[in-house]
Amino acid sequence: MQEKTEEKKISLEGIDLLNFSGVNDENLNKLKDRFSSTIVMRGDMIAVRGEEQELKIIEKIINELAFLQKRQGFISPKDVELVMNLTDSRPDENERLKEKFGFSPNELKDVILARKSDFIKPRSKNQSEYLRLTRENDIVFAIGPAGTGKTYLAVAFAVAALKNKEVSKIVLTRPAVEAGENLGFLPGDLAEKVDPYLRPLYDALEDMIPFEKLETYMKKNVVEVIPLAFMRGRTLNNAFVILDEAQNSTSMQMKMFLTRLGPNSKAIITGDITQIDLPKKEMSGLIQVRDVLSGVEGISFLYFDKTDVVRHKLVKDIIHAYEKYNG
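Just so it is clear, the model here is predicted, and its values are computed rather than measured. (Residues numbered from 1 in each chain as written. Predicted model: local features only at pLDDT ≥ 70, side-chain atom pairs only at ≥ 80, totals over all residues. Heavy atoms only, no water.)

Novice: Would you mind going over unusual backbone geometry with me for this structure?
Specialist: Across the chain, the bulk of peptide bonds are trans and the bulk of non-glycine residues have phi less than zero. Even without being a glycine, Asn 221 presents a positive backbone phi close to 60°. Structurally, the position occupied by Asn 221 is in the loop between helix 9 (211-219) and strand 8 (223-227). Given the relative accessible area of 43%, Asn 221 is considered partly exposed. In the Ramachandran plot, Asn 264 falls in the positive-phi region, its phi being about 55° despite a non-glycine side chain. Among the structural elements, Asn 264 can be located in the loop between helix 10 (251-258) and strand 10 (266-271). (Helix = DSSP H or I, 4+ residues; strand = E, 2+ residues; numbered from the N terminus. Buried < 20%, exposed > 50% of the residue type's maximum accessible area, 1.4 Å probe, protein only.)

Novice: Would you take a moment to explain helix 6 (residues 125-136) for this structure?
Specialist: Working note: α-helix, 3.6 residues per turn, so residues spaced by three or four point in the same direction. Between its first and last C-alpha atoms helix 6 spans 17 Å; for 12 residues at 1.5 Å apiece the expected length is 16 Å, and the two agree. Every buried residue of helix 6 is accounted for by Asn 126, Gln 127, Tyr 130, Leu 131, Leu 133 and Thr 134. Turning to helix 6, the residues buried within the fold contact strand 6 (139-143), helix 7 (150-163), strand 9 (239-243), strand 10 and strand 11 (299-303). (Expected span 1.5 Å × (residues − 1). Contact = heavy atoms within 4.5 Å.)

Novice: How should I be thinking about the sheet that holds strand 10 in this particular structure?
Specialist: Pairing between the strands of a sheet comes from backbone hydrogen bonds, and it takes one of two forms, parallel or antiparallel. Strand order in the open sheet formed by six strands is 8-7-9-10-6-11, and the pairing between neighbours is parallel. Both outer strands of the open sheet, strand 8 and strand 11, are each paired with one neighbouring strand and no more. The mean angle between the axes of side-by-side strands here comes to 15°, regardless of whether they run parallel or antiparallel. Two strands pair when backbone bridges link them, and strand 9 and strand 10 are joined in this way by four bridges, in the parallel orientation. Bridge pairing links Ile 242 to Ile 268 in strand 10. Packed onto the sheet, helix 6 meets strand 6, strand 9, strand 10 and strand 11 and runs at close to 170° relative to strand 11. (Pairing = 2+ DSSP bridges. Axes fitted to C-alpha atoms, helices over the stretch in contact; angles between N-to-C directions.)

Novice: Would you explain the pattern of salt bridges in this entry?
Specialist: A side chain of one charge can pair with a side chain of the opposite charge when the charged atoms of the two come close. Taken as a whole, this structure holds 12 salt bridges when the rule is applied. A salt bridge links Lys 8 to Glu 59, with the nearest nitrogen and oxygen atoms 3.6 Å apart. Linking Lys 8 in strand 1 (residues 5-11) with Glu 59 in helix 3 (residues 52-72), this pair joins segments that are 51 residues apart in sequence. Of the charged contacts in the structure, one is a salt bridge between Glu 129 and Arg 132, with a shortest N-O distance of 2.6 Å. Of this pair, Glu 129 and Arg 132 both sit in helix 6, three residues apart, which is roughly one turn of the helix. Taking the relative accessible area as the measure of exposure, Glu 129 reaches 26% and is therefore partly exposed. Classification of Arg 132 as partly exposed rests on a relative accessible area of 35%. Through salt bridges with shared partners, one network takes in Glu 7, Arg 42 and Arg 49. (Salt bridge = Lys/Arg side-chain N within 4 Å of Asp/Glu carboxyl O.)

Novice: Where do I start with the sheet that holds strand 2 (residues 38-42) in this structure?
Specialist: Pairing is antiparallel across the open sheet formed by three strands, whose spatial order is 1-3-2. Looking along the sheet, the strands with just one partner apiece sit at the ends: strand 1 and strand 2. Strand-to-strand twist across the sheet, computed as the mean angle between neighbouring axes with direction ignored, equals 20°. Note: strand 2 against strand 3 (residues 45-51), five bridges, orientation antiparallel. Paired with Thr 38 across the two strands is Arg 49, which belongs to strand 3. Here helix 3 sits on the sheet in contact with strand 1, strand 2 and strand 3, set at roughly 155° to strand 3.

Novice: How do you make sense of the nonpolar core when you look at a structure like this?
Specialist: Core analysis: the largest hydrophobic core is formed by 37 residues, its most contacted members being Ile 112, Tyr 130, Leu 205 and Met 208. Every element with two or more residues in this core is listed here: helix 6, strand 6, helix 7, strand 7 (169-174), helix 8 (190-208), strand 8 and strand 9. Looking at this core element by element, the count peaks at 10 residues for helix 7. Once residues within four sequence positions are removed from consideration, Met 208 is found in contact with Leu 113, Ile 120, Tyr 152, Val 155, Ala 156, Val 159 and Lys 163. (Core = buried A, V, L, I, M, F, W, Y, C linked by side-chain atoms within 4.5 Å.)

Novice: Just to check I follow, could you spell out the side chain of Ser 249 for this structure?
Specialist: Its place among the elements puts Ser 249 in the loop between strand 9 and helix 10. Within the structure, Ser 249 has its side chain in polar contact with the backbone oxygen of Ala 246 (distance 2.7 Å). Among all residues touching Ser 249, those that are not within four sequence positions of it are Pro 175, Leu 228, Met 254, Leu 278, Met 283, Ser 284, Gly 285 and Leu 286. (Polar contact = N/O pair within 3.5 Å; in protein donor to acceptor, adjacent residues only side chain to side chain.)

Novice: Hey, could you run me through the confidence of the model for the chain in this one?
Specialist: The predicted coordinates ought not to be read in detail in places where the model reports low pLDDT. Model confidence for the chain is summarised by a mean pLDDT of 81, while 82% of its residues fall at 70 or above. A low-confidence stretch, residues 178-190 stays under pLDDT 50, and its non-local contacts, those more than four residues away or across chains, total 14 contacts. (pLDDT = per-residue confidence, 0-100.)

Novice: Help me out: how do you make sense of the pairing of strand 7 in this one?
Specialist: A regular strand carries its side chains on alternate faces of the sheet. Burial of strand 7 is extensive: six of the six residues sit out of reach of the surface. The alternating pattern of strand 7 places Lys 169, Val 171 and Thr 173 on one face and Ile 170, Leu 172 and Arg 174 on the opposite face, and all of these are buried. Where strand 7 meets strand 9, five bridges bridge the pair, whose relative direction is parallel. Pairing of Thr 173 across the sheet is with Leu 243, part of strand 9.

Novice: What exactly am I supposed to notice about the pairing of strand 9 here?
Specialist: Of all five residues making up strand 9, five are buried, and the element is well covered by its neighbours. What joins strand 9 to strand 10 is helix 10, and the crossover it makes is right-handed. (Right-handed = clockwise from strand over helix to strand, strands pointing away.)

This is the structure we're talking about:
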C-alpha cells in the first residue's frame, strides 16, 4: 500500500539563501537527486511534497544544513553530501559513516569549523566540555599541558564566531617573555623580535582561513595578532579575544587583559602552569586568577590533562615521564 503524500514547508529565515541553494542551485539539486519528493524553494521557505517518512528525513537534512551554515558562515556541495549521508542512514550504517567521516549523525552539532579537507571538532571529553563552556560563558580559562588542543580549539572557536557574524574581530595575544633569550639581542625591529613568540597563533589561523582572506583580514585589523603589552589602554567591543601562554603573564598583565573586554566580547585564556618562564620573583597571573575569580558567574575554568593530548602519541608518554620524575 502506497504511503499518503503530504506537503511540508520548512523556514529558512535568517539563512543566506544564495549560498544555501548553491551556485546554479547545485546544493538544492543534490537534495532533489537523492529523493523522490518534490523540493521547491519559495522565498525563504522550502516546500517539500512526498511520502511522510521521506519528508521527515528531508526536513532533518535541511535543518542540519541551516544549522551548519549559521555555524561556519557557508555550506558547500561537500557539506550537503556529508549531511545527507549522515542523516539519511540506517542504524547499521552509522558505524561505517563514523569511520568514513570521523563522526556520526548525532555528533554533527559538535562540528566547530569546516576546512577544505575535513572538520574541526572535539576529540576528547574535555574538548567537548571546552566547546560547551565557551558557548555558555563570556570568559573561559583553559589550563593544561601542551598538545591538548587548548590554543588550536580556541582559535577555531574565534574563527567560527567571526564567520557566523557573532563578533566583528579576533584579537590573539601572547606575553613576549624572554624565555632563555634576551629580546634586545635578537636581530630586527620590534615586530621581527616578537614574531617568534606569536608564530603558533599565526600557524593556527593559517590552518583555518585561506591565505588571501587572512591577509585581507589582517590589513583591515579584523584579525590582530599582537604581544600582550600592546593591549594596554584598549577597549575591545564585539570581539573574540584569546590570551595564549597566560602562565607567562604577570598578575598586573592578567588584570589589564581581562579589563579590556567591552560589550558583546568573549575571551579565552590558555596556559600551562607547569611551564612558567617568568622570573622567580614574579607571580604568574594565571595561578593567581584561579583564586581571584573562582566562582564568578560567566567565568569558567577547565583543566586538561595528559589524556587529552592530541599530538604525537609519544607526547603523552613524555608528559607522564616528567610528572613521574618531578615526583
